[in-house]
Amino acid sequence: SNLESLLDFFSDIKPSENAERILRDRYLLKDGEGKYLEHSWDDIARRVSRYIASAEILYNDDIEKIRDVEEKFYKLLKSRVFLPNSPTLFNSGKTLSRDVFQKNREDMSLEDYKKIFNSRNRHNMLSACFVVPLEDSMEGIFDAVKDAALIQKYGGGVGYDFSVLRPKESSIAGTGGKSSGPISFMHVFNTTASTIEQGGARRGAQMAVMRYDHPDVIDFINSKKNNDGKSVLNYFNISVNFDNPEEFLKKLENDEEIELTHPNSNIKRTIKAKELFDLIANNAWKSGDPGMLFLGRHNKYYALSDVTPVSATNPCGEEPLPPYGSCNLGSIDIAKVIDFVELGNPEGENNDLFKELIYWTARFLDDVIDINVYPLEKIDRVSKEQRFIGLGIMGLADAMYKKDLPYNSEEGRMFMAETLAQFAYYSHLASSELAKERGNFPLFEKSKYKNGFIPFSMLNDDYSENIRQWNNLIKEHFFGEGKKYKRNVQVNTVAPTGSISNLADTSSGIEPNFMLAYIRYMTDKEGNRVPLPYMNKILRDKLDGDLNSELEAEIIEKGSLQNIEGIPEEIKKVFVTSMDISGMDHLLAQNVIQSYLDASCSKTINLPKEATVDDIKEIYKKAMELNLKGITIYRDGSLETQVLTKAKKE
Ligand code: ADP
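Residues numbered from 1 in each chain as written. Predicted model: local features only at pLDDT ≥ 70, side-chain atom pairs only at ≥ 80, totals over all residues. Heavy atoms only, no water.

Visitor: Is there a simple way to explain the overall build of the protein chain in this structure?
Guide: Check the secondary structure of the protein chain and you find 25 helices and 17 strands. In summary, the protein chain has a C-alpha radius of gyration of 24 Å against a globular reference of 26 Å for 650 residues, a match within 12%. Referenced to the eigenvectors of the C-alpha coordinate spread, the extents of the protein chain come out at roughly 70 × 65 × 60 Å. For the protein chain, buried positions account for 62% of its 650 residues. Long-range contacts, defined here as pairs at least 24 residues apart, represent 77% of the contacts in the protein chain between residues at least 6 apart. Surface exposure of the protein chain reaches about 25000 Å², of which carbon and sulfur atoms provide 47%. (Helix = DSSP H or I, 4+ residues; strand = E, 2+ residues; numbered from the N terminus. Rg over C-alpha atoms; globule rule 2.2 N^0.38 Å. Buried < 20%, exposed > 50% of the residue type's maximum accessible area, 1.4 Å probe, protein only. Contact = heavy atoms within 4.5 Å. Areas by Shrake-Rupley, 256 points an atom, 1.4 Å probe, with all protein chains shown as cover.)

Laid out in structure tokens, this is it:
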């Protein structure tokens, strides 16, 4: 089929030197003594595809079919057109007997697949995203510390809603003492995270959320004030939650006061809306934290919000989850797909290929839910009752370079919107297809889908003719078949893809490239630092004969083309970097993309060093006015060591 030719084409392209280095450092399996058990990307693709395909035994006892599924998964991975989140790559089949992974596919028996499935153990934790609830009691808090420790031990990121905890100085019945407050407990979670080595692969990451009307919200907003990226609450991103941003905007306009209260405390405070907003913007200016989060909007598009409302997001903000919820992610590199598919066009020639690709990737992620070994029984239950998957894209910026579309232009946004609409539509078709084969997610009958419900905002039909057509197809689906069949409560998200985009040699998530060229230093076998010059390969092809060593050096030095003489304007316009793009253009990109995501997306609004507090306020206000689900900014140079989402490419 067409999908085969796409996957075969990219399977022949080898990972770059940089991707190989990351594979060696972090992904190839090693034994207890540090000796490599795997040697190449191909080894990983074989292990992971076989491991995940063994979940198919739950639905299928036709050995031929299971082998075919394994082969499909293998090609998805081998081609690097699709990559699951890091924990799936790290932990699939880890600690299992190696023999069964070395067999030829044709020799695999049903018993072999069953053996894999049944020997899975706690080391085989495959998800990136978790939310753990807090309880306003000493016992509850320290239970959560333990839960979070286990999740992080196996490489997951965790989010918490600290609003639940009573403010500091509140009385504690029973002991007659006073509570030390949510911020003090954040430090406990931070210290715990800092002591957990995630198998040596990476450091922990957490998200702390607090309601805007919690009595300690000011301390919360200031909690990372002296952060230099290394010291204060450095295992946390923090976000202030406004369930109803429209209402807050009104309070800002009318210069009203906000009452800060907590159900378990007598403490009451007031603060002017304007003062609160100034404080948020000032701190964000200094260090990027806090961001703003609009969980009310998340719940609006979440089909089980009446049953288990989402209470926080994972560390990078793309995945809101209910208490004990988890989500496993996977991303399609659309910079590769675009060589074969005219993305965004409802009448595009190879659309079936994209549709089929999305079906198989959704099936992969759905299988991950079943074979996953969750760190806690409670998480196992919620994950299987709701079956969140986070199918996303990466390579957006590179795809746009290929199509000569500037990221910061109306035509660029049109492309983003149409592509995401197509992506969302096919993804939900896939989830319905899977439901027909395997059944609905168990809580389906309690969900909003049952009565016809679209889990994202969509853009106005007038936006473009293509959007009008996608919107119609989407409505037809959710008010037709989608009322009966849905395998997953939520399907789409866009992750940062901080590591996996490097493995795929593509741009990360939906972000513009940070730099077009730079020098990376690697350590060779003798321990010497050797420079490894890098240039975006689409740019290299574009400049072709015009590229000489002098020009290359200049691009490396500047990272951007904008201030280089002699490069044609058309090229400068298209090959923009994060820092070439205004904050507002970042935000508008997020807006059109988020309109077609049922979960959310990881996006940083990058601002130049000279940006003012007022610039930040304007952006935060715009995020509230538009239907954004949250917002994170980062002002260039404001942190010495930049945390997770804000990190430059490694
Ligand atoms: P990757 O590219 O390694 O798959 P992403 O950068 O896409 O990971 O991040 C996806 C999600 O994985 C994050 O939102 C977060 O929930 C989790 N995550 C990322 N990095 C870490 C980390 N160092 N520790 C724990 N969780 C992480």
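Visitor: Explanation requested: the domain arrangement of the protein chain in the structure shown.
Guide: In many reports, interface size means the accessible area that the parts give up when they come together. In terms of domain boundaries, the protein chain breaks down into domain 1 (2-124 + 318-483), domain 2 (129-313) and domain 3 (515-576). Averaged C-alpha coordinates put domain 2 and domain 3 at centres separated by 41 Å. (Domains from an automatic or database assignment.)

Visitor: I tried to follow the packing of aromatic side chains on my own but got confused; where do I start?
Guide: Inspection of every chain in the model, using the stated rule, returns 32 aromatic pairs. Geometrically, the ring pair formed by Phe 82 and Phe 364 is edge-to-face, given 5.2 Å between the ring centres and 70° between the ring planes. Here Phe 82 is found in strand S1 (residues 82-84), whereas its partner Phe 364 is found in helix H15 (residues 351-371), with 282 residues between them in sequence. Each ring, one from Phe 441 and one from Phe 444, has its centre 5.8 Å from the other, and the planes form 75°; the classification is edge-to-face. What makes Phe 444 buried here is its relative accessible area of 3%. Here the aromatic residues Phe 441, Phe 444, Tyr 449, Phe 453, Phe 456, Phe 478 and Tyr 596 are joined through ring pairs into a cluster of three or more. In this structure, Arg 635 is placed above the aromatic ring of Trp 285, and the distance from its NZ or CZ to the ring centre is 3.8 Å. (Phe/Tyr/Trp six-rings, centres within 6.5 Å; stacked < 30°, edge-to-face > 60°. Lys NZ or Arg CZ within 6 Å of the ring centre and 35° of its normal.)

Visitor: Looking at this structure, how should I read the site of the ligand?
Guide: Taken together, 24 residues are adjacent to the ligand, and Ser 86, Arg 203, Asn 314, Glu 318 and Thr 497 come closest. A distance of 2.6 Å is found between an oxygen atom of the ligand and a backbone nitrogen or oxygen belonging to Thr 497. Between Ile 500 and the ligand, the recorded distance is 3.0 Å, taken from a backbone N or O atom to an oxygen atom. Here the ligand has 550 Å² of accessible area as a free molecule, and 96% of this is covered by the chains. For the shell around the ligand, the residue count by class is 10 nonpolar, 11 polar and 3 charged. Three or more residues apiece are contributed to the shell around the ligand by two domains, here domain 1 (2-124 + 318-483) and domain 2 (129-313). (Near = heavy atom within 4 Å. Polar contact = N/O pair within 3.5 Å; in protein donor to acceptor, adjacent residues only side chain to side chain. Nonpolar A, V, L, I, M, F, W, Y, C, P; charged D, E, K, R; others polar.)

Visitor: Honestly, the confidence of the model for the protein chain in this entry has me stumped. Any pointers?
Guide: Should pLDDT be low for a region, the predicted coordinates there are not to be read in detail. For the protein chain, per-residue confidence averages 94 on the pLDDT scale, and residues scoring 70 or more make up 97% of the total. When the criterion is pLDDT under 50, residues 642-650 qualifies, and its contacts beyond four places in sequence or with other chains add up to 35 contacts. (pLDDT = per-residue confidence, 0-100.)

Visitor: Teacher, can you tell me more about helix H22 (residues 549-558) here?
Guide: Three- or four-residue spacings in an α-helix give side chains the same orientation, since the helix completes a turn every 3.6 residues. All buried positions along H22 are accounted for by Leu 551, Glu 552, Ile 555 and Ile 556. Projected down its long axis, H22 carries its buried residues within an arc of 140°, all on one side. Turned more than 90 degrees off the buried face of H22, the exposed positions are Glu 550 and Glu 557. Looking at the buried side of H22, the elements it contacts are strand S13 (517-523), strand S14 (529-535) and helix H21 (537-543). Looking one or two residues past H22, Gly 559 carries a phi angle of roughly 75°, positive in sign. (Arc of directions from axis to C-beta.)

Visitor: Explanation requested: empty space enclosed by the protein in the structure shown.
Guide: Empty pockets left among the atoms are what a rolling probe the size of a water molecule brings to light. A full pass over the atoms with the stated rule returns 3 cavities of 30 Å³ or more. Size it by volume and the largest cavity reaches roughly 140 Å³. Where the lining of the largest cavity is concerned, the elements lending two or more residues are strand S8 (291-293), helix H24 (583-594) and strand S16 (630-631). Here the residues of the lining of the largest cavity sort into 6 nonpolar, 10 polar and 2 charged. (1 Å grid on protein atoms, 1.4 Å probe; cavity = no way out; pocket = protein on both sides within 12 Å on 5 of 7 lines; lining within 4 Å. Points joined across faces, edges and corners; volume = space filled by probe spheres on them.)

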